[in-house]
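Here is how the chains run, residue by residue.
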Amino acid sequence: MLSFNRRVLATGAAAAAVALSLAACGVGSPAAEEPQASGAAEGEITGEISFQTWNLKASFEDYFNGVIDDFEAEHPGTTVKWIDQPAEGYADKLSADAAGGTLPDVVNIDRGTGSPLAEAGMLLNLDEADPEAGPDFLASAWDGNDWTDVGGHYAYPWYLNTGPSLFNTALFEKAGLDPKAIPTNYDELYDAALQMAEKSNGKFAMLGVLPGTEMMEKYGIEVMNADQTEYTFNGPEAVALVEKYKEMYEAGAILPEALTDDYVGEGENFNSGRLAFMDGSAYAIQNLKDNAPSVYKSLVYTKQITNTGPVGYSQSVAVSAGSENKATAIAFAKFVTNAENQVEFAKQVNIFPSTEGSLDDEYFHTSDGSDDAEVRVMSAEQLPDALISRTPGSEALKTETRDQIAQAVLGKKPVQEALDAAVAFGNEQLQG
Amino acid sequence: MATPTTTSAASRPVREPSSRRNPDRAAPARRAARHAWFTPWLFLAIAVVTEALFTVFPFFNTVVLGFTDASRLGGGQFIGLENFSRMLEDERFWTALFNSVLYMVVVVPCMVVLPLFLAMLVNTKLPGAGFFRTSYYVPVVSSTVAVGIMWSWMLDSQGLVNQTLQALGVVTAPVPFLTDRWLLLASAMLVTVWTGLGWYMVVYLAALANVGKDLYDAAAMDGAGWWRRFTSVTVPGVRNTMVLVAALSSVAAFRVFTEIYVLSGNSAGPGGADMTMVMLIQRVGTGLDADVGYASALSIVVFLITIGLMIATLKMQTKGDEK
Amino acid sequence: MTAVVPVEVSPARRRLVRRRRTLNAWRYAGLVLMTIVCLGPLLWQLSTSLKGHGVDLYSSPPQLWPQNASLDAYARVGEIVPIWQYAVNSLVVAAAVVATNVIGATCAGYALAKMDFRGKRLAFILFIVAILVPGEVVLIAKYMLTLSMGINNTLLGVILPSAVGALNVLLMRNAMSAIPNELEEAGIIDGANAWQRFRRLAVPSVRGTIAVVAIFAFVGAWDSFLWPLIVLSDQAKYTLTVGLNFLQGTFQGDPRVIAAGTMIAILPLVVFFFVLQRYFFRGIGEGAIKG
């Protein structure tokens, strides 16, 4: 049997990086007592349920065991069986489980994995099962989990994230650019990229990935129509953007790896000092410090470059529609995503809570000068302006989009034709 | 060895060459009574049940699905040959077919010839031969995934190979082993051959052991040189094995997946230009929004092509036997 | 022949000796070159895994010998996943798969090569078909089957589908076919029944192929990733490949830890193989029947 390995690396990082999300402004009291799943689902909160996360055990085992212990103590008679899946093959695992009727009671999903499950009727519709849940969460996070294409909320928002943009100033100097004049928007970035290409002799470049739907959102392109029934990233703006990338690729402002890489490869290239810019995270900075100390020395990080204000992504927690113990499952899903547990989780890793008011915590506004803290404060400041992405963006569509744009960039296809093909592919999936 | 479960107690092996336990076999060489009709099936039981249950039965399901529009999470309507006509218009399909065939055409001759030379090289009593043989087999016992990660680490633009080439001044800019469509395909072929060398070397070693030493001695006595001995003794001696290797490696090469997938950073090369048939099946048929019907139809096509290859090569074998 | 050449050796013989020596020198050169080709990538990965924290992994020219060598990356692998538990699971699976493959394939190979019976062609075609079925497409159908058999989330569910590889059956059939029919006939004349002929005449002749099948089965079982991932949901039951995947984690992995992980997956096999290689290769030689 074949193993589909490297995707793992990709989806793995996707899990987290895509977990990239932001929360908006929250005014509010300290963590409101979470309401018991009162009218939500009939039945008592007791018995055993299973809870599945996506590649979190390795680093956060103690945290999750603590959450489970607290829940079991609060609701005597309950048992939570925690399952953590490795990064690779998560979608395959979910689909095998869904097809076999063995989906765990409470399951960690994101927009990409969630909507096909919801569409197939595998997830509990929260608008029916727990209509009161909305106000507990940041409005932007709750809206981000409103999947209009499948008709409503199918998951509780969980952690959000955002990161800074990273620059390798050593490469700016090598190319004769002013390392103090760091680009602050896409136009400046692309100008600098073209200037850098003149001096880099193909050894390094500013950009390491092709634009995808996520990047297009940040660029200010309408990726989907308002009711999320159709993809729309083949308009004149998108065509102009890809034409720009084509020009930059031909000039050598984009690494050749960009045609096949996702951001895992992008990160590797940044670490090896061939890439001058990437969207990053606090984790990426730590990684750089450990694995590429020479690049770390010339690192500068700034607020995320966007035309629109930051765009974020939400990890979510859903309840299986086939759960035999829905009351307990809902109670646990709410428990994991309540303010107290989310803030606690955010303090362990650089992600952000999606619950109303939680971002007011001092922790997100004070820095001791370390990279971690600096990035945290910077990101938390970005959050109020953030938009939570609702674009389904399945893995298949991401791949298809990258391949089509790569063909356009290589000049094998007109840009319009390539984008039309990617959009048609996405729309066919939506009708699926 | 553990006692197989497929035999009755009555036919347990006995050390002494006695026929006491088989009175019915007392009359030797009775033409028809070599074994009862069910005996072969007892021997075949484990293998047949495993294959029938876990491979062939699921595959029949797949064949049925190939004529439907099934998705991963939903049932399927019968849509006749629509999946197959869709293939004809799918540019990914034609790219994949081209790459798979090209892969086979390049890799198979290497797999048939190189491991044979390697086997001959190592088929010696010289001190250290054991060590060398073993080291050639190491790539085979290494996990495929680990091998893929290893090679992409080496062939990367900052990898060992490029760093060495640049340090030696052979090239000034890194060689795009993993980002150029053709170089990527060539790199993947290299990895395939690298892992396959040891595999088929062992198969050839087993065959070479069957080639009588007296034949070589006789040929040497006749004053035949190295090449003559190779063509007149070795090649005829391992001819059947060569056909077997050709059959196995062509099927494997046609179905190449892991090497390209891992080396290209889980893509199908720039713009999908290095797509192969199995990659296309994997891409279409996995994930939550899998198009199971289309993926199944593609598998049917792959299946038909590979079975054609297998039959063609095995035909070569039987034809040779008749000579 | 040693360094000192005896005086009374004839010139012709000396020339022969010299020729043999240059030939051997060439042979050694070839052997060493191939060893570098085959082991080099592994050693580079080993070196990467040993490089100390903070050492630049991307320097040019490359740093072959690990600077500040430390086993830190290996320790971190152990911290992240219960590696020994996973290794034991993998071992259980691999051992079972080796046993079933050796027994199942040898028996089946014998029947296909040495027996005449109705349905033989059909059985043969079954194995050919099985070789050609692309595994990734039957995945879900196979999973549904294990569900209905009630063996999902057990190591048995991992083992059974690969209990007998069709390729191994064909290899065995080929090896068995090489045994001269006279041997069979002689066995029949001696009054040996099918099982006795199989055990005493056929099996000893194909020991080499049995070793080959055993190794193939072991490697295949040790290597498999997607199937165990799908079948198992209980972490305590994970096999090594699945477990190691946690290393390529949510956040970008440290190349050192990933290298250490791949080494942990590979090294036991390599060591195991180096230890057993003499039997493996000797088996191949001695198991063959001349002819």
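Bear in mind the structure is a predicted one, so any value in this text is a computation, not a measurement.

1. Examining the interface of chain C and chain B
No. 1: On the chain B side, the residues contacting the 84 residues of chain C number 87 residues.
No. 2: Tallying contributions element by element places helix α13 (residues 255-286) of chain C first for the side of chain C that touches chain B, with 13 residues.
No. 3: Of the residues that constitute the side of chain C that touches chain B, the class distribution is 58 nonpolar, 17 polar and nine charged.

2. A word on the domain arrangement of chain C
Residue and element names in this part refer to chain C.
No. 1: In terms of domains, chain C is made up of domain 1 (11-70) and domain 2 (73-285).
No. 2: Inter-centroid distance (C-alpha atoms) of domain 1 to domain 2 is 32 Å.
No. 3: Partitioning the side of domain 1 that touches domain 2 into residue classes produces three nonpolar, three polar and one charged.

3. Section: the UniProt feature "transmembrane region" (unreviewed entry) in chain C
Residues and elements named next belong to chain C.
No. 1: In the UniProt entry, the feature "transmembrane region" (unreviewed entry) is given for residues 25-44, 91-112, 124-145, 151-171, 206-230 and 257-276.
No. 2: Across residues 25-44, helical content stands at 100% and strand content at 0%; the span's end C-alpha atoms are separated by 27 Å.
No. 3: Annotation note: span residues 91-112, helix share 100%, strand share 0%, distance between end C-alpha atoms 31 Å.

4. Quick word on the domain arrangement of chain A
Residue and element names in this part refer to chain A.
No. 1: Domain boundaries in chain A define domain 1 (15-162 + 313-388) and domain 2 (165-309 + 392-430).
No. 2: Using only C-alpha atoms to locate each centre, domain 1 and domain 2 end up separated by 29 Å.
No. 3: Domain 1 puts 19 residues into the contact, and the matching count from domain 2 is 18 residues.
No. 4: Listed by contribution, the elements that provide at least two residues to the side of domain 1 that touches domain 2 are α4 (111-119) and α16 (371-382).
No. 5: Of all the elements, α16 adds the most residues to the side of domain 1 that touches domain 2, at six residues.
No. 6: In terms of residue class, the side of domain 1 that touches domain 2 is built from six nonpolar, seven polar and six charged.

5. Section: the interface of chain A and chain B
No. 1: Each side of the interface is counted separately: chain A has 38 residues, and chain B has 31 residues.
No. 2: Elements represented by at least two residues in the side of chain A that touches chain B include exactly α1 (5-18), α3 (90-100), α4 and α17 (395-409) of chain A.
No. 3: For the side of chain A that touches chain B, a count of residues per class yields 15 nonpolar, 13 polar and ten charged.

6. Some words on the confidence of the model for chain A
No. 1: When the pLDDT values of chain A are averaged, the result is 81; 88% of them are 70 or greater.
No. 2: Of the regions scoring below 50 in pLDDT, residues 1-41 of chain A engages in 140 contacts with residues more than four places distant in sequence or in other chains.

7. Section: the sheet that holds strand β9 (residues 299-302) of chain A
Residue and element names in this part refer to chain A.
No. 1: Within the open sheet, the three strands sit side by side as β8-β7-β9. Their pairing is antiparallel. The strands lining the two open edges of the sheet, one partner per strand, are β8 (277-279) and β9. Neighbouring strand axes in the sheet, compared pairwise and without regard to direction, differ in orientation by 25 degrees on average.
No. 2: As paired strands, strand β7 (residues 165-168) and β9 are joined by four bridges and run antiparallel to one another.

Rules of the game
- Residue positions are counted from 1 within each chain, in the order its sequence is given.
- The order in which chains are written sets their letters, starting at A; the order in which ligands are written sets their numbers, starting at 1.
- Where local features are concerned, this predicted model is filtered to residues with pLDDT of at least 70; where side-chain atom pairs are given and counted, the filter is 80 or more; whole-chain, interface and lining totals use all residues.
- What counts as a contact is two residues whose backbone-derived C-beta atoms lie within 7 Å of each other.
- Segments assigned H or I by DSSP are reported as helices when at least four residues long, segments assigned E as strands when at least two residues long, and all are numbered from the N terminus.
- Note on residue classes: Ala, Val, Leu, Ile, Met, Phe, Trp, Tyr, Cys and Pro are nonpolar, Asp, Glu, Lys and Arg are charged, and everything else, Gly too, is polar.
- What marks off one domain from the next here is an automatic or database domain assignment.
- UniProt positions are given in the numbering used here, feature names are shortened, and annotations may be inferred rather than shown by experiment.
- Values of pLDDT, ranging from 0 to 100, describe the predictor's confidence in every residue of the model.
- The pairing criterion for strands is at least two bridges between them, as found by DSSP.
- In this analysis an axis means a line fitted to C-alpha atoms, helices contributing only their contacting stretch, and an angle means the value between N-to-C directions, from 0 to 180 degrees.

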